[in-house]
Amino acid sequence: MIKFYLKKKGKISLYTQDSFEILPAKEDILWIDITFPSQNDFKIIESEYNLEFPTRQESQEIEVSSRFWEDEDDITINSFFMISEDKHSYNESISFILKDHMLITIRYREFKTFNDCEKKLLSAPNLFISGYDVFGYILESRIDIDADIIENLSRSVTTLRKQLFSDETDNEDILEIISRFEDMNTMIRDSLIDKQRIISSMLKSPKVPQSLLNNLKIMIKDVNSLIEYTKYNFDRLDYIHNIFLGLLGIEQNKVVKIFTVVSVIFLPPTLIASIYGMNFEFMPELDWLLGYPFSLGLMLASAILPIFIFKKKGWL
């Protein structure tokens, strides 16, 4: 689907590809938003506006040269937007092309950021002079969302630390949660580092208007502070992981201790029973009337004595 945002006489209007028999003139276009594009969509826009779009495979590459490049006519940017769904996090790449005063975006899924940008465009058109302003709004909104994700993750990590000392949470669940949080923190950190590189490159570009440069200087400070916070979350998760392993070791030691005590308690009675089960011909207790209760009493006393000693030593 292709959406055209046209600006005429200070007003911004939204049209879809089906609304035109002939595509609008480039001078009137503020933003072209291409969602789930087909090869035909690419051919139409490329031929009409003299553009060259990156393929989806190219947009997913992580090399710096593949994330941002600039030539004489335009700037092409591939930026990561993190998605978290079904306990799984990953980064989806979105392509931005800035040519003259126009912005073109290529994406393969819906994002709340773009819906919010559309509402802002139609409600406050005076804030958007060119496609650079639209790009700046999308980037700033996404950084705010990333900050919210990190804040929610930080709260979840705090809750997880409290759950460590609760008997209601299974050990396997704890490990799964720690792994999921680390994966999410890694994805959001990769997304922020990607934006850091993009903003740094744009600050060096002569094509970027001064109004956007001022906002980019603020954005890169926000991104740097968020990256530092992801490091803090990594440290907290590592600390929680170490505490969990320590608690797990304590529980295992308790189990081993119980089995050790049980073994020691039953060892003397077993020894006595073994002695009286040897069936030698000459054993004085065999002909003794009280031999059987004597052996049982001896076995009982030998079992109670280690328990008394362990309690006195504070081992139980």
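Reading the values: the criteria
- Residues numbered from 1 in each chain as written.
- Predicted model: local features only at pLDDT ≥ 70, side-chain atom pairs only at ≥ 80, totals over all residues.
- Heavy atoms only, no water.
- Helix = DSSP H or I, 4+ residues; strand = E, 2+ residues; numbered from the N terminus.
- Contact = heavy atoms within 4.5 Å.
- Phe/Tyr/Trp six-rings, centres within 6.5 Å; stacked < 30°, edge-to-face > 60°.
- Buried < 20%, exposed > 50% of the residue type's maximum accessible area, 1.4 Å probe, protein only.
- Lys NZ or Arg CZ within 6 Å of the ring centre and 35° of its normal.
- Salt bridge = Lys/Arg side-chain N within 4 Å of Asp/Glu carboxyl O.
- Patch = residues over 30% accessible without salt bridge, like charges linked within 9 Å, V, L, I, M, F, W, Y side chains within 5 Å.
- Areas by Shrake-Rupley, 256 points an atom, 1.4 Å probe, with all protein chains shown as cover.

Caption draft 1: Structural detail: the side chain of D146. Locating D146 in the fold gives a position in helix α5 (residues 131–163). With sequence-adjacent residues up to four places away left out, D146 is seen in contact with I188, S191, L192 and K195.

Caption draft 2: View of the packing of aromatic side chains. Taken as a whole and assessed by the stated rule, the structure comprises ten aromatic pairs. Look at F128 and Y137: their rings are 5.8 Å apart centre to centre, the planes differ by 75°, and that puts the pair in the edge-to-face class. Residue classification places Y137 among the partly exposed residues on the basis of a relative accessible area of 22%. Here the aromatic residues Y5, W31, F81, F96, F111, F114 and F135 are joined through ring pairs into a cluster of three or more. Directly above the aromatic system of F114 lies the positively charged group of R107, at a separation of 4.3 Å from the ring centroid.

Caption draft 3: Spotlight on the pattern of salt bridges. Tallied over the full model, the rule gives eleven salt bridges. Its salt-bridge partner being E70, residue K207 comes within 3.1 Å of it at the nearest N-O pair. With K207 in the loop between α6 (171–203) and α7 (210–275) and E70 in strand β4 (residues 68–70), this residue pair connects regions lying 137 residues apart in the sequence. A residue is classified by how much of its surface remains accessible, and K207, at 27% relative accessible area, is partly exposed. Two residues, R107 and E110, come together in a salt bridge whose shortest N-O distance is 3.4 Å. Each of D33, R107 and E110 takes part in one network of salt bridges that share partners.

Caption draft 4: Fine view of a nonpolar patch on the surface. Among the surface-exposed residues, W288, L289, L290, F294 and L298 lie close enough to one another that they form a single nonpolar patch of about 530 Å² accessible area. The topology assignment puts L290 in the loop between α7 and α8 (291–313).

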